[in-house]
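# Structure assessment
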Amino acid sequence: MSERNQTLNRQIANWTVLYTKLHHYHWNVKGPQFYTLHAQFETLYSEAAERLDVLAERLLALGGCPVSTLKDSLALATVQEASGGESADQMVSAIAKDFTQLIVELNEGIAVAEAEHDEPTADLFIGQIAELQKHVWMLNAYLG
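Residues numbered from 1 in each chain as written. Predicted model: local features only at pLDDT ≥ 70, side-chain atom pairs only at ≥ 80, totals over all residues. Heavy atoms only, no water.

### Topic: the overall build of the protein chain
Cut-off, in case you're wondering: Only runs of H or I of at least four residues qualify as helices and only runs of E of at least two qualify as strands under DSSP, and these elements are numbered from the N terminus. As defined in this context, the radius of gyration uses C-alpha atoms, and a globule is described by 2.2 Å times the residue total to the power 0.38. Think of it in three bands: residues with accessible area under 20% of the maximum for their type are buried, residues over 50% are exposed, and the middle band is partly exposed, with areas taken using a 1.4 Å probe on protein chains only. Contacts are assigned to residue pairs that have any heavy atoms within 4.5 Å of one another. To be clear on the numbers: accessible area is Shrake-Rupley with a 1.4 Å probe, and residue cover counts the displayed protein chains and nothing else. Only four residue types enter the tally: Lys and Arg on the positive side, Asp and Glu on the negative side, with His and both chain ends excluded. One atom stands in for each charge, and that atom is NZ of Lys, CZ of Arg, CG of Asp or CD of Glu.
Scanning the protein chain from N- to C-terminus turns up five helices and zero strands. Along the protein chain, from the amino end to the carboxyl end, the secondary structure elements read α-α-α-α-α. The globule rule puts the C-alpha radius of gyration for 144 residues at 15 Å, and the 15 Å found for the protein chain is close to it. Oriented by its inertia axes, the alpha-carbon framework of the protein chain measures out at about 50 × 30 × 20 Å. The proportion of buried residues among the 144 residues of the protein chain is 44%. Across the protein chain, the fraction of contacts at a sequence separation of at least 24, relative to all contacts at a separation of at least 6, is 79%. With an accessible surface of roughly 7,600 Å², the protein chain has 55% of that area assigned to carbon and sulfur atoms. In the protein chain, 9 side chains carry a positive charge and 19 a negative one; their mean positions are 5 Å apart.

Rendered as structure tokens:
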């Protein structure tokens, strides 16, 4: 498997874990910011589903095979699943940290894609970085 395809598969695994993690947070958030965070986590898990599909379809278009089981996703992902019992602020902090980690990995992925002369994948990663940077800014602003 090419390094580019490995990079795509790691992102697929990360978004699979994040999709579940964001659902967990959506269902389990409590406190004075419940309505705000409940809605925001739903927006983010819907976005995660879209990102996951786009990344998997890109990998398939390149002849790769996307990771598609929870077990394999957890083994390959660099983000961690929810531990349970997090406070609302801990949930927001964890997602900001995860998104920051993805930004680092996507930047590395751009270099890998460009080295393999795959500008469409590099462009896909660039677009995701811009959106994730905005989310990190907003999540950190929420935390103060």
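### Quick word on the pattern of salt bridges
Short version of the rule: What makes a salt bridge here is a side-chain nitrogen of Lys or Arg within 4 Å of a carboxyl oxygen of Asp or Glu, nothing more.
Counted according to the given criterion, the structure contains six salt bridges. The residue Asp-98 makes a salt bridge to Lys-21 at a minimum N-O spacing of 2.6 Å. Here Asp-98, found in helix H4 (residues 88-115), pairs with Lys-21, found in helix H1 (residues 3-28); they are 77 residues apart in sequence, far enough to count as distant. Judged by its relative accessible area of 5%, Lys-21 falls in the buried class. Taking the shortest distance from any N to any O, the salt bridge between Arg-51 and Glu-131 comes out at 2.7 Å. Placement of Arg-51 in helix H2 (residues 34-61) and of Glu-131 in helix H5 (residues 119-143) is noted, with a sequence separation of 80 residues between them. For Arg-51, a relative accessible area of 5% corresponds to the buried category. Sharing partners across several salt bridges, the network here consists of Arg-4, Arg-58, Glu-116 and Asp-118.

### Observations regarding the nonpolar core
To be explicit about the condition: Residues enter a nonpolar core if they are buried and are Ala, Val, Leu, Ile, Met, Phe, Trp, Tyr or Cys, with the set joined through side-chain atoms within 4.5 Å.
Residues Trp-15, Phe-41, Ile-95 and Phe-99 are the most contacted members of the largest nonpolar core, which totals 40 residues. Looking at this core, the element that brings in the most residues is H4, giving 12 residues. Other than its neighbours up to four places away in sequence, Phe-41 contacts Leu-22, Tyr-25, His-26, Val-29, Met-91 and Val-92.

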